[in-house]
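Residue-level listing of the chains:
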Amino acid sequence: DVKVTQSSRYLVKRTGEKVFLECVQDMDHENMFWYRQDPGLGLRLIYFSYDVKMKEKGDIPEGYSVSREKKERFSLILESASTNQTSMYLCASSLQGQSNEKLFFGSGTQLSVL
Amino acid sequence: SQQGEEDPQALSIQEGENATMNCSYKTSINNLQWYRQNSGRGLVHLILIRSNEREKHSGRLRVTLDTSKKSSSLLITASRAADTASYFCATVLSGYSTLTFGKGTMLLVSP
């Protein structure tokens with residue numbers, strides 16, 4: 001059974017903290033994505049990666065960075081968390097050459113920045 | 001970037017009824033996909049329809065695509081309470097490789 005695992009279901013952080021959101025997939029997928037989901041705004045792409053150590057900016061990369069040191073793991077980093085980064089964060093993966101086809105999603109991390 | 005826009009924003013029906021959701025988009029696409037999201041969880045892929053296809057079926061799901069009108073519809077037949085979820089369309093724009101999602105339709109199916 002395919003699986004995308006996000007390390008935390010709920011996370012509460014303080015303004016200014018450095019935050020790491022971890023995502024691991026066990027499907028040997030080359031492509032991995034980070035989205036954030038906000039009420040009334042739908043899903044917006046933050047960053048994505050087509051291969052180890054590669055990263056591409058999505059639609060809203062400001063305030064975020066990513067790390068992909070291993071194929072199965074894609075980390076989203078908030079260097080200095082702010083209240084406007086309170087959101088649901090969703091990680092997804094897909095097969096090489098099929099980045100625009102079927103995405104497999106994790107269960108999401110609900111991040112609250114106080 | 002361009003988005004698919006779902007309509008209606010919310011839909012409430014009784015078990016056994018059919019549910020129809022629509023998605024409109026603005027520019028040429030490679031494919032269009034529908035996803036389901038149960039409350040507070042991740043999204044699950046339902047069905048993909050390519051730009052050269054007009055209709056696809058999967059179980060109780062029927063998806064149509066009208067590229068001349070830049071629109072798609074998702075029909076769920078004989079709805080069940082377990083179909084209660086948010087449904088999103090996602091488009092892959094021509095020349096792009098990533099998906100852009102709409103804001104979703106919230107479907108409530110009452111027993």
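In case you missed it, the structure is sitting above this.
About the cut-offs
Residues numbered from 1 in each chain as written. Chains lettered and ligands numbered in written order. Predicted model: local features only at pLDDT ≥ 70, side-chain atom pairs only at ≥ 80, totals over all residues. Heavy atoms only, no water. Pairing = 2+ DSSP bridges. Helix = DSSP H or I, 4+ residues; strand = E, 2+ residues; numbered from the N terminus. Axes fitted to C-alpha atoms, helices over the stretch in contact; angles between N-to-C directions. 1 Å grid on protein atoms, 1.4 Å probe; cavity = no way out; pocket = protein on both sides within 12 Å on 5 of 7 lines; lining within 4 Å. Points joined across faces, edges and corners; volume = space filled by probe spheres on them. Nonpolar A, V, L, I, M, F, W, Y, C, P; charged D, E, K, R; others polar. Buried < 20%, exposed > 50% of the residue type's maximum accessible area, 1.4 Å probe, protein only. Contact = heavy atoms within 4.5 Å. Buried area = accessible area lost by both parts, 1.4 Å probe. Polar contact = N/O pair within 3.5 Å; in protein donor to acceptor, adjacent residues only side chain to side chain.

J.: Before we move on, could you go through the sheet that holds strand S6 (residues 55-58) of chain B and cite the residues and values that matter?
T.: Residues and elements named next belong to chain B. Spatial strand order, S1-S3-S8-S7-S6: five strands in an open sheet with antiparallel pairing. Only two strands of the sheet have a single neighbouring strand rather than two, namely strand S1 (5-7) and S6. Between one strand axis and the next, the sheet turns by 20° as a mean value, whatever way the strands run. Relative to strand S3 (residues 19-24), S1 is paired through three bridges, and the arrangement is antiparallel. Residue pairing in the sheet places Asp 7 in a bridge with Asn 22 of S3.

J.: Explain the layout of surface pockets to me, and be specific about the residues and the numbers.
T.: Reported here for the largest pocket is a volume of approximately 640 Å³. Lining the largest pocket are 25 residues, and of these Gln 37 of chain A together with Ser 86, Phe 88, Lys 103 and Met 106 of chain B sit closest to its centre. In terms of residue class, the lining of the largest pocket is built from eight nonpolar, 13 polar and four charged. Of the volumes computed, that of the second largest pocket is approximately 260 Å³. Lining the second largest pocket are 14 residues; nearest its centre among them are Phe 105 and Gly 106 of chain A together with Gly 42, Leu 43 and Val 44 of chain B. For the lining of the second largest pocket, the secondary-structure elements that each account for two or more residues are strand S10 (104-105) of chain A together with strand S5 (43-50) of chain B. Considering each element in turn, the lining of the second largest pocket owes the most residues, three residues, to S5 of chain B. For the lining of the second largest pocket, the class distribution of residues is seven nonpolar, four polar and three charged.

J.: A description of the pairing of strand S5 (residues 42-49) of chain A should follow, citing residues and the corresponding values.
T.: All names here are of chain A. In terms of residue burial, S5 counts as a mostly covered element, since seven of its eight residues are buried. In this sheet, S5 lies alongside strand S4 (residues 31-38) in antiparallel orientation, the contact comprising seven bridges. Residue Phe 33 lies in a different strand from S5, and its bridge partner there is Phe 48. A loop of three residues connects S4 with S5, the two strands running antiparallel in sequence, and Gly 40 in this loop sits at a positive phi of about 80°. As paired strands, S5 and strand S6 (residues 56-57) are joined by two bridges and run antiparallel to one another.

J.: Tell me about the interface of chain A and chain B, residues and numbers included.
T.: Contacts between the two partners involve 22 residues from chain A and, on the opposite side, 23 residues from chain B. By the criterion of area lost to chain B, the three top residues of chain A are Leu 43, Asn 100 and Glu 101 of chain A, representing 30% of everything that side buries. For the interface between chain A and chain B, the tally reads six residue pairs in polar contact (both at pLDDT 80 or more). A per-class count over the side of chain A that touches chain B returns eleven nonpolar, seven polar and four charged.

J.: Go over unusual backbone geometry with me, naming the residues and quoting the values.
T.: Residues and elements named next belong to chain B. Cis geometry is found at the peptide bond from Asp 7 to Pro 8, where omega equals 0°. Residue position: Pro 8 is located in the loop between S1 and strand S2 (10-14). Positive phi is not limited to glycine here, since Ala 78 has a value of about 45°. For Ala 78, the location among the structural elements is in the loop between strand S8 (71-76) and strand S9 (85-93). Residue Ala 78 is classed as partly exposed on the basis of its relative accessible area of 38%.

These results come straight from atomic positions and should not be treated as a statement about function.
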